[in-house]
Amino acid sequence: METSESDDNQQQLVVFFDLETTGFGATCELVQLAAVSGNRFVNLYTVPRRRMDAGAARVTGPRVRRRKLYHHYRPVPTSPLRDVLRSFIAFLRAFDRPLLAGHNIRRFDCRPLRRALDETGLRAEFEACVGGWVDTLPLAREILEGCGMQSFKQEYLVRELIGVVYGAHDALEDVRALQTLYRVLQPKAEVVARHTFCLSDIPEVTAKVTAEVTPEVMPEVAKVPKRERLLPGQQLLWQHLGRTEKDEDEKAADGNATQS
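Cut-offs used in this document
- Sequence order as written defines the numbering, with residues in each chain counted from 1.
- Only residues with pLDDT of 70 or above have their local features reported here, since the model is predicted, and side-chain atom pairs are shown and tallied only from 80 upward, although totals for entire chains, interfaces and linings are computed over all residues.
- Side-chain metrics rest on all non-hydrogen atoms present in the structure, leaving aside hydrogens and water.
- Segments assigned H or I by DSSP are reported as helices when at least four residues long, segments assigned E as strands when at least two residues long, and all are numbered from the N terminus.
- The cut-offs for exposure are 20% and 50% of the maximum accessible area for each residue type, with area from a 1.4 Å probe on protein chains only; residues under the lower value are buried, those over the upper are exposed, and the others partly exposed.
- Two residues qualify as a contact provided that any one of their heavy atoms is within 4.5 Å of a heavy atom in the partner residue.
- For the accessible areas, the method is Shrake-Rupley and the probe is 1.4 Å, while residue cover comes only from the protein chains on display.
- Two strands form a pair only when DSSP identifies at least two bridges running between them.
- What pLDDT expresses is the predictor's confidence in each residue, scored from 0 to 100.
- Note on definitions: angles span 0 to 180 degrees between N-to-C directions of axes, and those axes are lines fitted to C-alpha atoms, for helices only across the stretch in contact.
- Orientation labels follow simple angle bins: below 35 degrees gives roughly parallel, above 145 gives roughly antiparallel, 65 to 115 gives roughly perpendicular, and whatever is left gives oblique.
- Helix crossings fall into two classes, left-handed where the near helix is turned counterclockwise from the far one by less than a right angle and right-handed where it is turned clockwise.
- Three classes are used, and their members are as follows: Ala, Val, Leu, Ile, Met, Phe, Trp, Tyr, Cys and Pro are nonpolar, Asp, Glu, Lys and Arg are charged, and the others, Gly among them, are polar.
- Aromatic contacts are taken between Phe, Tyr and Trp rings whose centres are within 6.5 Å, Trp giving its six-membered ring; a plane angle under 30 degrees counts as stacked, one over 60 as edge-to-face, and the others as tilted.
- Two limits define a charge over a ring: the Lys NZ or Arg CZ must be within 6 Å of the ring centre, and within 35 degrees of the ring normal.

Points about the overall build of the protein chain
Logical step 1: When its secondary structure is counted, the protein chain shows eleven helices and nine strands.
Logical step 2: The proportion of buried residues among the 260 residues of the protein chain is 46%.
Logical step 3: Considering only intrachain contacts with a sequence separation of at least 6, the fraction spanning at least 24 residues in the protein chain is 72%.
Logical step 4: When the accessible surface of the protein chain is totalled, it reaches about 13700 Å², and 49% of it is carbon and sulfur.

Comments concerning the sheet that holds strand β4 (residues 62-65)
Logical step 1: With antiparallel pairing, the three strands of this open sheet are ordered in space as β4-β5-β6. For this open sheet the edge positions go to β4 and β6 (74-75), each flanked by a neighbour on one side alone.

Some details on the pairing of strand β1 (residues 14-21)
Logical step 1: Here β1 lies mainly inside the structure; eight of its eight residues are buried.
Logical step 2: Covered by surrounding structure in β1 are V14, F16, D18 and E20 together with V15, F17, L19 and T21, the residues of both alternating faces.
Logical step 3: Taken together, the six bridges between β1 and strand β2 (residues 30-37) define a ladder with antiparallel strand orientation. Within β2, the residue paired with D18 across the bridge is A34.

A closer look at the confidence of the model for the protein chain
Logical step 1: In the predicted model, the protein chain carries a mean pLDDT of 80, and the fraction of residues at 70 or more is 71%.
Logical step 2: In this model, residues 1-9 is a region of pLDDT below 50 whose contacts with residues beyond four sequence positions or in other chains number four contacts.
Logical step 3: A low-confidence stretch, residues 208-224 stays under pLDDT 50, and its non-local contacts, those more than four residues away or across chains, total 23 contacts.

Notes on the sheet that holds strand β9 (residues 196-197)
Logical step 1: Taken in spatial order, the six strands line up as β3-β2-β1-β7-β8-β9 in an open sheet, and their pairing is mixed. Single-partner strands in this sheet number two, and they are β3 (40-45) and β9.
Logical step 2: Bridging between β1 and strand β7 (residues 99-102) involves three bridges; their strand directions are parallel. The partner of V14 across the bridge, within β7, is L99.
Logical step 3: Running at roughly 55° to strand β8 (residues 132-135), helix α6 (residues 136-143) makes contact with β7 and β8 of the sheet.

Considering the packing of α6 against helix α8 (residues 171-185)
Logical step 1: Across the interface, α6 lies against α8 with an axial gap of 11 Å and an inter-helix angle of 30°. In this view, α6 runs roughly parallel relative to α8, as classed from their interaxial angle. Crossing angle aside, the handedness with which α6 passes α8 is left-handed. Contacts between α6 and α8 involve T136, L139, A140 and I143 on the former and, on the latter, L178, Y182 and L185.
Logical step 2: Grouping the amino acids of the contact of α6 with α8 by side-chain chemistry returns six nonpolar, one polar and no charged.

Describing the packing of aromatic side chains
Logical step 1: Taken as a whole, this structure holds six aromatic pairs when the rule is applied.
Logical step 2: Between F16 and Y182, the ring centres sit 5.1 Å apart and the planes meet at 70°, which makes this aromatic pair edge-to-face. Taken together, the residues F16 in strand β1 and Y182 in helix α8 connect sequence positions 166 residues apart. Across the pair, exposure class does not vary: F16 and Y182 are buried alike.
Logical step 3: Among the aromatic side chains, those forming a connected cluster through ring pairs are F17, F88, F126 and W133.
Logical step 4: Over the ring of F41 we find R176; its NZ or CZ atom is 4.7 Å from the centre of that ring.

What follows is the structure in structure tokens.
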């Protein structure tokens, strides 16, 4: 029986995801979560409890002003963290326990996502929808070994291998670029398997969270249980699945908005 290269390479479906967060430390929180598989995508925002680190805001673009979120000075619709995660779970359920892939996720993205899932009590439900995790950074290193790459950062690889310069550090643009890069790399099933891991494989990092919502800081929010808090500008319903780029590209408001 003959098998084609494409048959030999047939693999589990992959969903590419990325996060933007309040910073780069052990207690950073989600601000943006995006995922894509083929033409289907989800792009979600939440107002964090912690202040945005100045360095992260300069790199990724999100800023909070009067408890509303702006991304590159454009106001974006937000939902409470629990709703963001449940929307992500609903998106993943449309597939058959896909692999979740991201660039450098084992070192960074998986930790804030896991903390958020634990905090909202959604980790077991989430993990039931996922077949495994793949970090495309070491995967790319293996595939491109000896090819003279000066860096394995995603934006460098996309520029060198695809010839595209894109809006890095926007989660939605990052996942779309990563999906294209993955198709160019064409990793074989055995290579993907070598770089597949479980969320429980990542060591826990414990750090004290100091920027909690308190009655002194936000009295009207502190009275509500953490999982049910709804800040101004947030929505309770999972209204962001399948939003088109046109929907997301709202007219810029308050162009000089800065983080309060």
